[in-house]
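So you can see what is in the structure, the chains are spelled out below.
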Amino acid sequence: MFAEQNRRRCAGLAGLLLGAALWVGWPGLQRATAEAVLEYEVKAAFLLNFTKFTEWPAGAFANPDSPLTICILGRDPFGRALDDVVQGEQVNGHKLAVRRISQNPEPQACQVVFIGSGEKDIRRILGALGRGVLTAGEGSDFIRDGGIIAFVLENRRVRFDINQSAAEAAGLKLSSQLLSVARSVEK
Amino acid sequence: MRSFRDRPIKQKLVITTMVTTTVALLVVGIAVVTADYVLYRDYLRRDLSSLARIIADNSTAALAFNDPDSAAQTLGALRARTHVAGACIYRMDGTMLAQYSPASTFTCPPPENQQIRSTGDFLIIDQPIVLSGRAIGTLVLQSDLALINERVRLYGTTVLGVLLATFFLAFLLSSRLRSVIATPISRLVSATTSVSETGDYSIRAPKQSGDELGVLVDRFNEMLAGIQSRENDLKKALADREAALDEVEKERERFAFMAESMPQKIFTASPTGESLYLNKLWMDFTGLPFEQLKEWGWEQFIHPDDLEESLRVWRRSIETGQPLQLTNRFRRADGVYRWHLNRARAMRNAEGEIILWVGSSTEIHEQKEAEEELRRANEDLQQFAYSASHDLQEPIRNVAVYSEIIARRYQDALDDEGRQFLGFLREGGRRLATLVNDLLAYTRASMAELSATTVSATTPLQNALAGLAEAIRESGAQVTYDSLPEVYIGEAHLQQVFQNLIANALKYRNADPPRIHISAAHRGGEWYFAVEDNGIGIEPQYKEKIFGVFKRLHHDQKYSGTGIGLAICQRVVERYGGRIWVESEPGKGSTFFFSVPHEARPARSAAAQSSPG
């Protein structure tokens, strides 16, 4: 009888959390036709989660109540996914915001900068970014270019590599838990 | 089944010790095991909760980034905790991210929003995995309670072992206790048993300790000592009593012998008059056995003529307690009646109640007969004296008459000598006549029938004084008298007594005119009369003698008389049961006293012979 009840309650819970499940990533859906769309939904969620395992240095924000802004440089592969994910979220007292930019931002405007794979001369872009910015890109080359976190696909699963020395250089402190779930960590 | 109450103290001690120990150990054991179970479960819960929190914290990233490997790795840290049966991480949608199962049979329970729950042998914790204040999944941790049960089993076994060991130790200890407590009690019991069986109070119980048992033994021994000394006292008292009884018995035998050896017949009687004891002389005399004589059996050998009077006198003594004195006749074994004098006195206790009559009966037959003979002789003598004096009157009168005639007619015919002789003859005749008259009066006083009436003593006194008027006038005497009482006596007899006493007073006078006083006083149921004079008095040695017949103290002419007057007085007074005596101081006067019983009783009648004196 308890088992019956539990099952019903589980089913109810599953229905309620249907929306949430989309951004957390569902392996079953990843194999669906809209694989690409789903991939960026997962990456959007990851982007949000990165902010939760990262400590920014003092001075990374203009004001204590300034929003934590995730900036997408160049072409935007997320569509509405990122905006949906950050909706209503807060990290360490900062509201989250999404901006789309076409050139290097001014200091304290962006705390996270996602650089799409379409950008050229990533090394130059990264070099131009100041301290206190968490950079995220695609492909293992991104790490080589001096990026901090790079999304990689492994067995059709979204994973990421971390360049810890770059993070340290940027004055960012990444949680050891984040490091432990990374596919590889450059030191 | 024997009730516990009746078991020997040895067994009680063992049973009590064992039961107490067992119960105490059981209670302590259960308390310890229960407390440990509760504490350990509590500890387990807290341990599990903190473990769950740590694991949940460490799995946040793995869950956040959907990394089952990392999550499994985190869960793998639980391997060190043997009591963790398994764990798994669920995503928010209820799907499982990772699972840790040391045993292949483990299936992870689905998450429920409960902090902690128990199902059967398992304790399950649902720990939410939180990221930035938002739950992103659940860690479910399942702990195997078998460990607790194992622990409880271990404890239980230990307690049981301790219990058995203690049980054995308690048994050994109680054996020791037995020697400390039960053995002294057993010895005390055996001491009391041997005391009560042998009655030997010199037995003492051995004292082995200074505790209450020691005190009990001491007290017991003290009690025994007390009993022993009291028993000795009792034995001594009994021996004393025995000796005293022995002495009493000897005394009784002496008295019995005394009573048996008496020449008199001895008897004792109850306060109501039944004979209790009769000495052997009674049986010898009557020839009857004691059984026939005891109580009122003696009535059968009393002379029928004496029986009524004897019973009356005896009953009166029983009623009044006055001493018994009784003469009567008892029939001897040969049928002959013999006179006896019976006397008895009442023995009284401290309260004055009569408890016994003690008496004797003396055979007085010979005395009685001698007395009777004497009385008859006396009577004969009196009869003779009376007859003689009566018969003598006639010839004496003739002598007197004819000597007078001779003196008148033939005085001149006689010479001087003849006249002198005639004078002697006349004088002798006169004296003879007086003598015979007095003798006659005396014998009359002895023989005349008593005819008592109640009479005022004044009348015979006045008659006596009238008879003596001439002598009183001649002597110039002064006679006075008080008012006199009424007495029960023959009037003529009383007059005779007064006349003789007053005549004496007139006669034995000195130079002064006589003064005579007659008085009376009542004392002790009798009237006492006194005739007092101021005459010559009487020497003390003659006080008794003067009452004898023909006894005269003075033979000279001055005091003429026959010496018979006081004898007559005594005769009369005694016949009425009174007595007469004189008190005198020579030269100053005499007082004659005589008593008249208030109700004069006949003193020498025939009935008086068989009546108590």
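Sequence positions are assigned chain by chain, starting from 1 and proceeding in written order. Chains carry letters and ligands carry numbers; both start at the beginning, A for chains and 1 for ligands, and go up in the order they are written. Totals for whole chains, interfaces and linings use all residues, but because this is a predicted model, local features are given only for residues with pLDDT of at least 70 and pairs of side-chain atoms are given and counted only at 80 or more.

1. Some points on the overall build of chain A
Okay, so step 1: For chain A, the helix and strand inventory stands at 9 helices and 10 strands.
Okay, so step 2: Taking the intrachain contacts of chain A between residues at least 6 apart in sequence as the baseline, contacts between residues at least 24 apart amount to 51%. A helix here means a DSSP run of H or I that spans at least four residues, while a strand means a run of E at least two residues long, and both kinds are numbered starting from the N terminus. Placing a C-beta atom from the backbone of each residue, one calls two residues in contact when those atoms lie within 7 Å.

2. Structural notes on the overall build of chain B
Okay, so step 1: The number of helices and strands found in chain B is 14 helices and 17 strands.
Okay, so step 2: Burial analysis of chain B (613 residues in total) assigns 25% to the buried set.
Okay, so step 3: Put simply, of all contacts in chain B between residues at least 6 apart along the chain, 60% involve residues at least 24 apart. Exposure is read from a count of other C-beta atoms within 10 Å of each residue's own; the residue is exposed at 12 or fewer, buried at 20 or more and partly exposed in between. C-beta atoms are placed from the backbone.

3. A closer look at the pairing of strand β14 (residues 515-523) of chain B
All names here are of chain B.
Okay, so step 1: In this structure, strand β12 (residues 478-481) lies alongside β14, joined through 4 bridges in parallel fashion. Its bridge partner being in β14, Thr480 is matched across the sheet by His517.
Okay, so step 2: When DSSP finds two or more bridges between a pair of strands, those strands are recorded as paired. Relative to strand β15 (residues 526-532), β14 runs antiparallel, the two sharing 7 bridges. Opposite Ala520, over in β15, you have Phe529 as the bridge partner.
Okay, so step 3: Hairpin connection of β14 to β15: 2 residues between the antiparallel strands, including Gly524 at a positive phi of 55 degrees.

4. Notes on the pairing of strand β7 (residues 275-278) of chain B
All names here are of chain B.
Okay, so step 1: Two elements, strand β6 (residues 265-269) and β7, share 3 bridges in a ladder whose sense is antiparallel. Opposite Thr268, over in β7, you have Tyr277 as the bridge partner.
Okay, so step 2: Where β6 folds back on β7, the antiparallel hairpin that results is connected by 5 residues, among which Gly273 adopts a positive phi of roughly 105 degrees.

5. Describing the confidence of the model for chain A
Okay, so step 1: The quantity known as pLDDT measures the predictor's confidence residue by residue, on a range of 0 to 100. Of the residues in chain A, 81% have a pLDDT of 70 or more, and the chain-wide mean is 80.
Okay, so step 2: Below a pLDDT of 50 lies the segment residues 1-33 of chain A, which in the model reaches 30 contacts outside its immediate sequence neighbourhood of four places, other chains included.

6. Notes on the sheet that holds strand β10 (residues 184-186) of chain A
Residues and elements named next belong to chain A.
Okay, so step 1: Here we have 8 strands laid out as an open sheet, ordered β3-β4-β2-β5-β6-β7-β8-β10, and mixed in their pairing. Single-partner strands in this sheet number two, and they are β3 (90-91) and β10.
Okay, so step 2: Pairing of strand β7 (residues 149-154) with strand β8 (residues 157-163) involves 6 bridges; the strand directions are antiparallel. Note on β8: the bridge partner recorded for Leu153 is Val158.

7. Overview of the sheet that holds strand β17 (residues 589-597) of chain B
All names here are of chain B.
Okay, so step 1: If you trace the 5 strands from one edge of the open sheet to the other, you get β12-β14-β15-β17-β16, paired in mixed fashion. In this open sheet, the two edge strands, each paired with only one partner strand, are β12 and β16 (580-585). Strand-to-strand, the axes of this sheet are offset by a mean angle of 20 degrees, without reference to chain direction.
Okay, so step 2: Angles here are taken between N-to-C directions and fall from 0 to 180 degrees, while the axes themselves are lines fitted to C-alpha atoms, restricted in helices to the stretch in contact. Seen against the sheet, helix α13 (residues 491-507) touches β12, β14, β15 and β17 and runs at an angle of roughly 25 degrees to β15.

8. Quick look at unusual backbone geometry
Okay, so step 1: Here Asn155(A), not a glycine, exhibits a phi torsion of approximately 50 degrees, which is positive.
Okay, so step 2: By the secondary structure assignment, Asn155(A) is in the loop between β7 and β8.
Okay, so step 3: Look at Asn66(B): it is not a glycine, yet its phi comes out positive at around 55 degrees.
Okay, so step 4: Position of Asn66(B) among the secondary structure elements: in the loop between α2 (60-64) and α3 (68-76).

9. Regarding the environment of Ile55(B)
All names here are of chain B.
Okay, so step 1: Mapping Ile55 onto the fold places it in helix α1 (residues 9-58).
Okay, so step 2: On the basis of neighbour count, Ile55 is assigned to the buried category, with 23 C-beta atoms found within 10 Å.
Okay, so step 3: Distance in space between the C-alpha atoms of Ile55 and Gln127 is 9.0 Å, their sequence separation being 72 residues.
Okay, so step 4: What Ile55 contacts, discounting residues up to four positions off in sequence, is Thr74, Leu75, Leu78, Ala87 and Leu139.

10. A look at helix α4 (residues 146-198) of chain B
All names here are of chain B.
Okay, so step 1: Each residue after the first adds 1.5 Å to the expected span of a helix. Relative to the 78 Å expected for 53 residues at 1.5 Å per residue, α4 spans 72 Å between its end C-alpha atoms, a close match to the ideal helical length.
Okay, so step 2: Consider a residue and the seven residues that end there alongside the seven that start there; fitting an axis to each set, the bend is the angle between those axes. Approximately 40 degrees is the largest bend angle found in α4, and it occurs at Arg178.
Okay, so step 3: Taken as a whole, α4 has its buried residues at Ala170, Ser174, Arg178, Ala182 and Pro184.
Okay, so step 4: If you follow the buried residues of α4, they end up packed against α1 and α5 (212-261).

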